[in-house]
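A structural walkthrough
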Amino acid sequence: MHSCYMFFCILVCRSQKSCWVCLHCGVIQCGRYVNGHAKSHFEQTSDHCLCMATDLSVFCYSCDEFVINDNVHVCCLRDYLQDRAEGRQVGCKSKCTVQGTYVVPKVIKLANGETCQLHCAGLRNLGNTCFMNAVLQSLGNNEEFCKYFLKRPSFQLDGSASTHKYDTRSNSKPDELLLVEELRKVFIALWEESNCMYSPDSLFSLILKVVPQFRGYQQQDAHEFMRYLLDQLHEELCRASCWTKDRKGTTIVSHTFGGTLQSDVVCLICGSESQKLDPILDCSLDIPEQFLYRRKGDRGPNCTLEGCLQSFTSLEHLEESEWYYCEQCSSRQKSSKQLSMYSLPNVLCLHLKRFRFTSFLRSKIDIHIEFPLKALDISPHVNQSLIKAKENCLYDLAAVVVHHGSGVGSGHYTTYACSSISGSWYHFNDTTVSSVPPEHVSSCKAYILFYARRCNKNNLVINNV
């Protein structure tokens, strides 16, 4: 492909460096740091502002910067050039996107005979930002959560709606940086620009301004990023009256992911009991100790998600340093503690603690943990009041974030998500989106699991949040 570009460039100025093709008329000329013929071409015909380099990146002379987000026409041209360079049969792939092993069609036919469009846009990796892409794809495949943002107008801090162009990068104060608006733009791209690639650079630039730990190009923890994202979204939405006009303090974040954890502490001397309720957006589950040092090939029972949940809600005898201060005994006494779910979220987010930190070592527990794709029953781990109220405790897996690799500060994050439209599973690996069978999802080493509650009277009612 490079030799093809250079051949045409030689016909113009005999230069073999920095060849650019005009996407409007197809003329191939040299860049501004050679003889500047491509820029001269733009100055003579101002509407011919887009050109493509030999690395297939696109530059806009009007904006004087590279184009981050591709449309379907650019993707089609790039596929054409790649096919021709590698000797494959040339053909436009605008009707479907071939990425990875499987083909992801844009339009599918449902069981009732109707056709619908899939939303399988990939996200550009901005330099070790796969941790962000994995979380965004997990949230972006939650249809009800996304539609809440898609139905809302442009977000303003004072709660007013605006249809004017909004530029996050012009803001400098942390309390003026509107994460909600940038996330809304990402969701619009994921749901309306099917099978195209989108770059969340504006969202990431905003996050870097207020969270220094995410700066640089080192790998970050996807769970930490998810918690920051949800917490910040909730705070901003609480300040926006037009987005949270029905129930004070309740946002789409808390209504989707919010639950309540009950902690029961019992004094083992006098039997007095103390209860405490804590709001949660996710549950971090320890992996049972018996599996921490298991090596590949060791025999024994398999580690399961149910076992991790059982360990999370089992009765625990507290260490002396954690003894409960009993008011009846007027001193710290031996005590036990047990956790249970007091109220269930509509989307249950389960974080598996795969990373271990000690004073000398940081390691990953790289074992497979079995988890169900359908009908996860939470009833053994909930408060008895929910059982009496006959609350629905069944959950189906909606998405799972996977960490590939053995290092804490290295490796790669991808996401598996189930389409609410087709019911099929897809693998989101940055810009690559591929269809996968359910067995492939079951065999992955999950890090964060998103379970959607089965429909009942308490499910999401978007217009009332």
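The structure presented is a predicted model; accordingly, all values stated were derived computationally and were not measured.

Definitions and limits used
Residues numbered from 1 in each chain as written. Predicted model: local features only at pLDDT ≥ 70, side-chain atom pairs only at ≥ 80, totals over all residues. Heavy atoms only, no water. Helix = DSSP H or I, 4+ residues; strand = E, 2+ residues; numbered from the N terminus. Buried < 20%, exposed > 50% of the residue type's maximum accessible area, 1.4 Å probe, protein only. Contact = heavy atoms within 4.5 Å. Salt bridge = Lys/Arg side-chain N within 4 Å of Asp/Glu carboxyl O. Phe/Tyr/Trp six-rings, centres within 6.5 Å; stacked < 30°, edge-to-face > 60°. Patch = residues over 30% accessible without salt bridge, like charges linked within 9 Å, V, L, I, M, F, W, Y side chains within 5 Å. Areas by Shrake-Rupley, 256 points an atom, 1.4 Å probe, with all protein chains shown as cover. Lys, Arg positive; Asp, Glu negative; His and termini not counted. Charge placed at Lys NZ, Arg CZ, Asp CG, Glu CD. Pairing = 2+ DSSP bridges. Core = buried A, V, L, I, M, F, W, Y, C linked by side-chain atoms within 4.5 Å.

In this section: the overall build of the protein. For the protein, the count of helices and strands is 12 helices and 27 strands. Here the protein holds 465 residues, and 46% of them are scored as buried. Within the protein, residue pairs in contact and separated by at least 24 positions form 62% of the contacts whose partners lie at least 6 positions apart.

For the rest of this paragraph, the subject is the pattern of salt bridges. Evaluated as defined, the whole model comprises 10 salt bridges. Across the pair aspartate 366 and lysine 445 runs a salt bridge whose closest N-O atoms are separated by 3.5 Å. Note that aspartate 366 is positioned in the loop between strand E21 (362–364) and strand E22 (376–377) and lysine 445 in the loop between helix H12 (438–442) and strand E27 (446–453), a separation of 79 residues in sequence. A relative accessible area of 32% places lysine 445 in the partly exposed class. When salt bridges with common partners are traced through the structure, they connect Arg227, Asp231 and Asp282 into a single cluster.

A few words on the packing of aromatic side chains. Overall, the coordinates contain 10 aromatic pairs when judged by the stated rule. For the ring pair phenylalanine 145 and phenylalanine 257, a centre distance of 5.5 Å and an interplane angle of 75° mean the geometry is edge-to-face. Of this pair, phenylalanine 145 sits in helix H5 (residues 143–150) while phenylalanine 257 sits in helix H9 (residues 252–257), and the two are 112 residues apart along the sequence. Taking 6.1 Å as the distance between ring centres and 40° as the angle between the ring planes, the aromatic pair formed by tyrosine 413 and tyrosine 447 counts as tilted. On the criterion of sequence distance, the pair formed by tyrosine 413 in strand E24 (residues 412–418) and tyrosine 447 in strand E27 is long-range, its members being 34 residues apart. Its relative accessible area of 1% is what places tyrosine 413 among the buried residues. Three or more aromatic residues joined by ring pairs make a cluster, and in this case those are Phe145, Tyr148, Phe149, Phe187 and Phe257.

Together, Glu316, Glu319, Glu320 and Glu322 give the surface a local cluster of negative charge. The residue glutamate 320 is located in the loop between strand E15 (316–317) and strand E16 (324–326) in this model.

The pairing of strand E12 (residues 259–267) with strand E18 (residues 335–343) spans 8 bridges and is classified as antiparallel. Along E18, the bridge assignment pairs leucine 261 with methionine 341. The sheet contact formed by E15 and E18 spans 2 bridges and is antiparallel. For histidine 317, the partnering residue across the bridge sits in E18 and is serine 336.

What follows covers the nonpolar core. Ranked by size, the top nonpolar core spans 54 residues in total, and within it Leu139, Phe145, Tyr413 and Phe450 carry the most contacts. Ignoring anything within four residues of it in the chain, the contact list for phenylalanine 145 reads Leu139, Phe187, Leu233, Ile252, Val253, Thr256 and Phe257. Counting residues in hydrophobic clusters, the runner-up holds 39 residues, among them Leu261, Phe291, Leu352 and Leu397.

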